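Examining the three-dimensional arrangement
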Amino acid sequence: MYMVESKGGAIACMLVSLVLLGTWPALLTLLERRGRLPQHTYLDYTITNLLAAVIVALTFGQFGPSTPEMPDFLTQLSQDNWPSVLFAMAGGMVLCLGNLSTQYAWAFVGLSVTGVVSASITVVIGTTLNYYLDDKINKAEILFPGVGCFLIAVCLGSVVHSSNNADNKTKLDNYSNDCKDGVGTNGVSSFKQTNFNPGSKNDLEDGGAPEKAKFGTAAFLIEVENTRAIKVFGKSTFIGLGITFFAGICFSMFSPAFNLATNDQWHTLKDGVPHLTVYTTFFYFSSFCFVIAMVLNLTFLYYPILNAPKSSFKAYLNDWNGRGWALLAGLLCGLGNALQFMGGQAAGYAAADAVQALPLVSTFWGVILFGEYRRSSRKTYTLLAGMLFMFTVAVAILMASSGHRK
């Protein structure tokens, strides 16, 4: 099978993974803002997410000769390696819960802050665990200052969200007063529902605003609220942050669980049974993630959370609006996770957590596509710049701490 063995190859995997994992959230956010139910979107997403794991396992996991010490993917499926399989499945479960939570957090908090806060929590907890699980192959004197920078980014992210919420409240209050005085923009709530068409020119350009209200204005905020599937006006700031912190805690557990599944640091396998390869682990990991996602989202069709509209399985099957984007998002996420784990197996999972820099990519999409932070206060811009700066420094430090697994 193909294995990444060099530090350079591991870093290349991390960088490609970073772009993929930072892009798929923008696609799901696009669909939610255009009114597609999150239950429908996540069901589509999870299908191709599993498909990516199967493709990776049957290609990279089967390349080359199979040896007793390093069996290929199909050989490992019949071996007595259930303790490691259970660790992989646990990792898939917490990743599913984290991804599902962020789908709702993006609506309340936005792509940028959700990504930075959840990823920083992931690094603070998960990277520390991986450092000890990997027998300290990463350079502690470099690694832990980077973890400290991530912790600062968490704090700044919470303040950015609070400041941006205050800015939006001011815009809406001023808009309301202008309307009372007869100055407001007409027709904010009377516009057509967007027609989903993955090939249409403006699908990714107009940020979900069919009538081109200017980014950052009160009219734009109202248009987004009218079309989106998850209504957020009037909801507490702490709902979004609470969901985000929960997602971060879930994310912090999946990489250590994957690490335990592939390297068996707790010696749970019987003598003579080879460790799971990264590809076999990823297959079990993604399979259980798929099972949990299906159970939860099929339940949410009939018993939705956070006041999302009810639906049905029949309605889901007939909902082709935006399905192409949701399927693409699952594929990007699956391939991004595979590359992260391939790099982690070579250079240490603590260093591979550098892909948690994905909010840098998500912030780009959030500002360009969805108008996040447009026309905000100078205070918000200063805090946002500080958050992204600390995040960038933290990622660079984390990559510099890369070691090499013996």
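Being a predicted model, the structure only gives us computed values, none of them experimental.

A short note on helix α14 (residues 378-400)
In this model, α14 (23 residues) spans 33 Å end to end at C-alpha, consistent with the 33 Å of a helix rising 1.5 Å per residue. All of the buried residues in α14 are Thr380, Leu383, Leu384, Met387, Leu388, Met390, Phe391, Ala394, Val395, Leu398 and Met399.

A look at the packing of aromatic side chains
The full count for this structure, using the stated rule, is 20 aromatic pairs. Arranged with centres 6.4 Å apart and planes meeting at 85°, the rings of Phe251 and Phe254 form a pair that is edge-to-face. Of this pair, Phe251 and Phe254 both sit in helix α8 (residues 237-263), three residues apart, which is roughly one turn of that helix. Comparing Phe251 with Phe254, the two get one shared label, buried. For the ring pair Phe283 and Tyr284, a centre distance of 5.6 Å and an interplane angle of 65° mean the geometry is edge-to-face. Ring-pair connections join several aromatic residues into one group, and the members of that group are Phe251, Phe254, Phe258, Phe282, Phe285 and Phe341. Positioned over the ring face of Tyr316 is Arg323, at 4.8 Å from the centre of the ring. Over the aromatic face of Trp320 sits the side chain of Arg323, whose NZ or CZ is 4.4 Å from the ring centroid.

Section: the confidence of the model for the chain
Of all residues in the chain, 86% have pLDDT values of 70 or greater, and the mean over the chain is 83. Note on residues 183-210: pLDDT under 50 across the span, and 54 contacts to partners over four residues away in sequence or across chains.

Describing the pattern of salt bridges
Taken as a whole and assessed by the stated rule, the structure comprises six salt bridges. A salt bridge links Asp44 to Arg36, with the nearest nitrogen and oxygen atoms 2.8 Å apart. We note that Asp44, like Arg36, is buried. The salt bridge partner of Asp44 is Arg323, with a shortest N-O separation of 3.0 Å. With a gap of 279 residues between them, Asp44 in helix α2 (residues 38-59) and Arg323 in helix α11 (residues 323-347) connect regions that are remote in the sequence. The two residues Asp44 and Arg323 agree in class, both being buried. If you follow the salt bridges from partner to partner, you end up with Arg36, Asp44, Asp319 and Arg323 in one network.

Describing helix α7 (residues 218-227)
The element α7 is extensively covered by neighbouring structure, given that nine of its 10 residues are classed as buried. Regarding α7, the residues found buried are Ala218, Ala219, Phe220, Leu221, Ile222, Glu223, Val224, Glu225 and Thr227.

Observations concerning the packing of α2 against helix α4 (residues 82-109)
The packing of two helices is summarised by the inter-axis angle and the distance between the axes. One way to put it is that α2 packs onto α4 with a least axis distance of 11 Å and a crossing angle of 145°. The way α2 lies across α4 gives a crossing that is right-handed. Contact with α2, carried on its side by Pro38, Gln39, Thr41, Tyr42 and Tyr45, involves Cys96, Asn99, Leu100, Gln103 and Tyr104 of α4 and no other residues of that element. Considering only residue class, the contact of α2 with α4 consists of six nonpolar, four polar and no charged.

Here we look at unusual backbone geometry
With phi around 55°, His267 is a residue other than glycine that occupies positive phi space. Tracing the sequence through the fold places His267 in the loop between α8 and α9 (278-302). A positive phi is found at Leu306, a non-glycine position, where the angle reads about 55°. By secondary structure assignment, the location of Leu306 is in the loop between α9 and α10 (313-318).

Parameters at a glance
Residues numbered from 1 in each chain as written. Predicted model: local features only at pLDDT ≥ 70, side-chain atom pairs only at ≥ 80, totals over all residues. Heavy atoms only, no water. Helix = DSSP H or I, 4+ residues; strand = E, 2+ residues; numbered from the N terminus. Expected span 1.5 Å × (residues − 1). Buried < 20%, exposed > 50% of the residue type's maximum accessible area, 1.4 Å probe, protein only. Phe/Tyr/Trp six-rings, centres within 6.5 Å; stacked < 30°, edge-to-face > 60°. Lys NZ or Arg CZ within 6 Å of the ring centre and 35° of its normal. pLDDT = per-residue confidence, 0-100. Contact = heavy atoms within 4.5 Å. Salt bridge = Lys/Arg side-chain N within 4 Å of Asp/Glu carboxyl O. Axes fitted to C-alpha atoms, helices over the stretch in contact; angles between N-to-C directions. Left-handed = near helix turned anticlockwise from the far one by under 90°. Nonpolar A, V, L, I, M, F, W, Y, C, P; charged D, E, K, R; others polar.

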